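Here are the chains, one letter per residue:
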Amino acid sequence: QVQLVESGGGLVQTGGSLRLSCAASRSIFSILSINGMGWYRQAPGKQRELVATITNSGSTNYADSVKGRFTISRENAKNTVYLQMNSLKPEDTAVYYCNANLTGGRVSWGQGTQVTVSS
């Protein structure tokens, strides 16, 4: 089937930058394909929230809290998605999850990568 693996998380100071990557791997036996991808995050004690999404046509959507600071992009026939995070703030601290929308209405999630922003 389709599996997602995130990387690029870590510890940075306020104002620093990180780039998250999400690699999508599809089984050669699978008939499913990726229609769109996105990033979500979950902070301790909080619900998982949308960070950014990108459609197959390249249209992007961002949470108000990250507009102007984060940029979502894709390459390799939309099988890899990135999240460039600049001007990081302590409130950006969370586990970041990659999401993929598949044909037939299926959804896949990665295991998450930790981002910690220190003061």
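Look a little higher up for the structure.
The rules behind the values
Residues numbered from 1 in each chain as written. Predicted model: local features only at pLDDT ≥ 70, side-chain atom pairs only at ≥ 80, totals over all residues. Heavy atoms only, no water. Helix = DSSP H or I, 4+ residues; strand = E, 2+ residues; numbered from the N terminus. Rg over C-alpha atoms; globule rule 2.2 N^0.38 Å. Contact = heavy atoms within 4.5 Å. Areas by Shrake-Rupley, 256 points an atom, 1.4 Å probe, with all protein chains shown as cover. Lys, Arg positive; Asp, Glu negative; His and termini not counted. Charge placed at Lys NZ, Arg CZ, Asp CG, Glu CD. Pairing = 2+ DSSP bridges. Core = buried A, V, L, I, M, F, W, Y, C linked by side-chain atoms within 4.5 Å. Buried < 20%, exposed > 50% of the residue type's maximum accessible area, 1.4 Å probe, protein only. Salt bridge = Lys/Arg side-chain N within 4 Å of Asp/Glu carboxyl O. Phe/Tyr/Trp six-rings, centres within 6.5 Å; stacked < 30°, edge-to-face > 60°.

Attention now goes to the overall build of the protein chain. Check the secondary structure of the protein chain and you find zero helices and 11 strands. Expected size for 119 residues packed as a compact globule is a radius of gyration near 14 Å; at 14 Å, the protein chain falls within 12% of this value. Projected onto the principal axes, the alpha-carbon positions of the protein chain cover approximately 45 × 25 × 25 Å. Look at the contacts in the protein chain between residues 6 or more apart in sequence, and 52% of them connect residues 24 or more apart. A total accessible area of about 6,500 Å² is found for the protein chain, and carbon and sulfur atoms account for 47% of it. For the protein chain, the distance from the average site of its 11 positive side-chain charges to the average site of its 6 negative ones is 7 Å.

Before going further, it helps to examine the pairing of strand E3 (residues 18–26). Bridge analysis of strand E1 (residues 2–7) against E3 gives six bridges, and the strand direction is antiparallel. Following the sheet pairing, Val5 is matched in E3 by Ala23. Direction of pairing for E3 relative to strand E8 (residues 80–85): antiparallel, over a ladder of six bridges. By the bridge assignment for E8, Ser21 is matched with Tyr82.

For soluble globular proteins, nonpolar side chains are generally found buried alongside one another. If you look at the biggest cluster of nonpolar residues, it comprises 30 residues, and the most contacted ones within it are Met37, Trp39, Leu83, Met85 and Tyr96. Put simply, the parts of the chain that give this core at least two residues each are E1, E3, strand E4 (34–42), strand E5 (49–55), strand E7 (70–75), E8, strand E9 (94–102) and strand E11 (113–118). For this core, the leading source of residues is E9, giving five residues.

This brings us to the pattern of salt bridges. Applying the stated criterion across every chain, the model contains four salt bridges. Residue Arg41 is joined to Glu49 by a salt bridge in which the shortest nitrogen-to-oxygen separation is 2.8 Å. Exposure remark for Arg41: the relative accessible area of 5% places this residue in the buried category. One salt bridge connects Asp64 with Lys67, and the closest N-O pair in it is separated by 3.1 Å. Here the two residues Asp64 and Lys67 agree in accessibility, since each one is exposed. Beyond isolated ion pairs, a larger network of salt bridges with shared partners links Arg41, Glu49, Arg69 and Asp92.

Counted by the stated rule, this structure contains one aromatic pair. With centroids separated by 5.0 Å and ring planes inclined at 70°, the aromatic side chains of Tyr40 and Trp109 adopt a geometry described as edge-to-face. On the criterion of sequence distance, the pair formed by Tyr40 in strand E4 and Trp109 in strand E10 (residues 107–109) is long-range, its members being 69 residues apart. Taking the relative accessible area as the measure of exposure, Tyr40 reaches 23% and is therefore partly exposed.

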